[in-house]
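One letter stands for each residue in the lines below.
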Amino acid sequence: MKKISAFLLVILITFLGACAPQPPPEPVLDFTADVFIDGTSFTDGAFDISAEVTSTSHETAVITITSPDELWGLRYKWVDGFEMIYLGLHCKTEKGYLPADSFAESIYNVLSSLKGEGVAVSFNGKVAVFSGECPSGKYKVTTDKKGYIQNISIEEINLHTEFTYK
């Protein structure tokens, strides 16, 4: 009887240990993804924006516009300062050059803030939600269970983005 009780106790402890809540994943900041910015409220319905975002955990990022066609190829680059590139023209300056409420600066500010200041507010095993504040405003970031960013929103400036990975 003692052996059966000990065996059941071991199984019970094993199951209870396996059911312990898992900590939320750290947001993945080394990635390349496509991002869609809903223009319904951000640009007063003028146009949606699609871009490719490449980010590293060293606070470097490159955002290249892929749509609308009029802005195709416009590149924002945060590496040793800030640079905008369009049709062979280069504008190089210090970081923080763009207005804090521009979509590109907002995405960069959130990614930079997530590195050390984003706080997980919920995690259900499939989706983690992080929140924080950056120069663009109070943000909310949703990641999948591996930490890959699914969306970023900053209500103060009506910015809502969706990320998809290649």
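Definitions and limits used
- Counting of residues starts from 1 at the beginning of each chain's written sequence and follows it residue by residue.
- With pLDDT at 70 or above as the cut-off, local features in this predicted model cover only qualifying residues; side-chain atom pairs require 80 or more to be listed or tallied, and sums for whole chains, interfaces and linings still use all residues.
- Excluded from the side-chain calculation are hydrogens and water; included are all heavy atoms of the structure.
- When DSSP locates at least two bridges between a pair of strands, those strands are taken to pair.
- Think of it this way: any DSSP run of H or I at least four residues long counts as a helix, any run of E at least two long counts as a strand, and we number them from the N terminus.
- Axis lines are fitted through C-alpha atoms, for helices just across the contact stretch, and the angle between N-to-C directions can take any value from 0 to 180 degrees.
- Side-chain atoms within 4.5 Å link the members of a nonpolar core, which is a set of buried Ala, Val, Leu, Ile, Met, Phe, Trp, Tyr and Cys residues.
- Exposed residues in this analysis have more than 50% of their type's maximum accessible area, buried residues have under 20%, and partly exposed residues fall in between, with area computed by a 1.4 Å probe over protein chains only.
- Contact criterion: two residues are considered in contact whenever any of their non-hydrogen atoms come within 4.5 Å of each other.
- In this scheme, a helix's expected span is set at 1.5 Å multiplied by one less than its residue total.
- As defined here, a cavity is a set of points on a 1 Å grid over the protein atoms alone where a 1.4 Å probe fits but cannot get out. A pocket is an open set with protein on both sides within 12 Å along at least five of seven lines, and residues line them when an atom is within 4 Å of a point.
- Grid points are joined across faces, edges and corners, and a volume is the space filled by probe spheres set on the points.

Undergrad: Help me understand the sheet that holds strand β7 (residues 119-123) in this model?
TA: Pairing between the strands of a sheet is mediated by backbone hydrogen bonds and can be parallel or antiparallel. If you walk across this open sheet you meet the 11 strands as β6-β5-β4-β3-β2-β1-β11-β10-β9-β8-β7, and the pairing is antiparallel. Bordering the open sheet on either side are β6 (89-93) and β7, each of which pairs with just one other strand. Averaged over all pairs of adjacent strands, the angle between their axes in this sheet comes to 20°, without regard to strand direction. Bridge count for strand β4 (residues 75-78) against strand β5 (residues 82-86) is 3 bridges, and the pairing is antiparallel. The residue of β5 that forms the bridge with Arg-75 is Ile-85.

Undergrad: Is there a simple way to think about the nonpolar core in this case?
TA: Grouped burial of nonpolar side chains is what soluble globular proteins tend to show. Residues Ile-63, Tyr-76, Trp-78 and Phe-103 are the most contacted members of the largest nonpolar core, which totals 35 residues. In terms of residues, this core owes the most to one element, helix α3 (residues 103-114), which gives 7 residues. Apart from the residues within four sequence positions on either side, Phe-103 is in contact with Ile-37, Phe-42, Ile-49, Ile-63, Ile-65, Tyr-76 and Leu-159.

Undergrad: Would you take a moment to explain α3 for this structure?
TA: Think of an α-helix as turning once every 3.6 residues; residues three or four places apart then point the same way. Between its terminal C-alpha atoms α3 stretches 17 Å, which fits the 16 Å expected from 12 residues at 1.5 Å a residue. Counted residue by residue, α3 has 12 buried out of 12 residues, so it is predominantly covered. Phe-103, Ala-104, Glu-105, Ser-106, Ile-107, Tyr-108, Asn-109, Val-110, Leu-111, Ser-112, Ser-113 and Leu-114 are the residues of α3 that are buried.

Undergrad: Sorry, what's going on with empty space enclosed by the protein here?
TA: A water-sized probe, rolled over the atoms, reveals where empty space remains. The full count for this structure, using the stated rule, is 1 cavity of 30 Å³ or more. Within this model, the largest cavity holds a volume of roughly 60 Å³. Taken together, Leu-29, Ser-55, Thr-56, Ser-57, Glu-59, Thr-60, Ala-61, Tyr-108, Leu-111, Ser-112 and Lys-115 make up the full set of residues lining the largest cavity. Among the elements that make up the lining of the largest cavity, the one with the highest residue count is α3 (3 residues).

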